[in-house]
Amino acid sequence: MTKQQVDLSEFRGSWNIYRSIEDRLLDRIGHLKGTADFIPDGTAFVYSERGELAYAGQPALSTRRDYLWRADGAAVLVLFADGRPFHRFLLSGSTAEASHWCDPDHYRVLYEFSNWPNWTATWSVKGPRKDYLSVTRFERSVDMER
């Protein structure tokens, strides 16, 4: 289904995630498989991600990320778990862009919602010791479909 606009409430529930990370500095590619849950918490959603990240020839690592996603008018404000601002993006179209400066690194994201309920988040990260591209595909978990 082609989706022109997504409402924040539509993220609620569980998602399967598949991520590839192209580390250009170390010339390697990692793959992550896991889940992301959007859990209602008052006026926001807690984004809780768990997964296993593997690089060739190395044991898999358990990963964990938590953020807060909060409605901010026609936009979404993404906060770190401790409440510090991370980035903000508009939910008014089939794509959205945002960036975050964490001295000395620059993070840029492109969200793609045109194949909703499947969607992607593509992060490009550059800095003196970072140069990678991370692409995460989100697919609605079959157990949580509404």
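For the structure itself, consult the block above.
Small disclaimer: the values here were computed from a predicted structure and weren't measured.

Thresholds applied
- Residues numbered from 1 in each chain as written.
- Predicted model: local features only at pLDDT ≥ 70, side-chain atom pairs only at ≥ 80, totals over all residues.
- Heavy atoms only, no water.
- Phe/Tyr/Trp six-rings, centres within 6.5 Å; stacked < 30°, edge-to-face > 60°.
- Helix = DSSP H or I, 4+ residues; strand = E, 2+ residues; numbered from the N terminus.
- Buried < 20%, exposed > 50% of the residue type's maximum accessible area, 1.4 Å probe, protein only.
- Lys NZ or Arg CZ within 6 Å of the ring centre and 35° of its normal.
- Salt bridge = Lys/Arg side-chain N within 4 Å of Asp/Glu carboxyl O.
- Pairing = 2+ DSSP bridges.
- Axes fitted to C-alpha atoms, helices over the stretch in contact; angles between N-to-C directions.
- Core = buried A, V, L, I, M, F, W, Y, C linked by side-chain atoms within 4.5 Å.
- Contact = heavy atoms within 4.5 Å.

Draft legend 1. Spotlight on the packing of aromatic side chains. Enumeration according to the criterion identifies 28 aromatic pairs in this entry. With a centroid separation of 5.4 Å and an interplanar angle of 10 degrees, the aromatic rings of Tyr67 and Phe86 are classed as stacked. Taken together, the residues Tyr67 in strand β4 (residues 61-72) and Phe86 in strand β6 (residues 85-90) connect sequence positions 19 residues apart. Between Tyr111 and Trp119, the aromatic rings sit 6.3 Å apart at their centres with planes inclined by 40 degrees, giving tilted as the arrangement. Of the two residues examined, Tyr111 and Trp119, each falls in the buried class. Over the aromatic face of Tyr55 sits the side chain of Arg28, whose NZ or CZ is 3.8 Å from the ring centroid. Positioned above the aromatic ring of Phe80 is the side chain of Arg84, whose terminal nitrogen or guanidinium carbon lies 4.4 Å from the ring centre.

Draft legend 2. Quick look at the pattern of salt bridges. Counted according to the given criterion, the structure contains 10 salt bridges. Here Arg64 ties to Asp66 by a salt bridge, and the two come within 3.1 Å at their closest N and O atoms. Overall, the relative accessible area of 60% leaves Arg64 in the exposed class. When the shortest N-O distance is used, the salt bridge between Glu139 and Arg137 registers 3.0 Å. Salt bridges here are not isolated pairs; linked through shared partners, they connect Arg24, Lys126 and Asp131.

Draft legend 3. Here's a closer look at the sheet that holds strand β7 (residues 95-102). In space, the 10 strands of this open sheet follow the order β6-β5-β4-β3-β2-β1-β10-β9-β8-β7, with antiparallel pairing throughout. Two strands close off the open sheet at either side, each with one partner strand: β6 and β7. Adjacent strand axes in the sheet meet at a mean angle of 20 degrees, parallel and antiparallel pairs treated alike. Pairing geometry for strand β3 (residues 44-55) and β4, over 10 bridges, is antiparallel. By the bridge assignment for β4, Gly51 is matched with Thr63.

Draft legend 4. Highlighting the nonpolar core. Membership of the largest hydrophobic core comes to 33 residues, with the highest contact counts inside it found for Phe11, Trp69, Phe89, Tyr111, Phe113 and Trp119. Here Phe89 is in contact with Trp69, Ala75, Val76, Val78, Ala96, Glu97, Ala98, Tyr111 and Phe113, once residues within four sequence places are set aside.

Draft legend 5. Fine view of the side chain of Ser141. Following the sequence through the fold, Ser141 ends up in the segment after β10 (130-140). Sequence-distant contacts of Ser141, defined by excluding residues within four places in its chain, comprise Ser14, Trp15 and Asn16.

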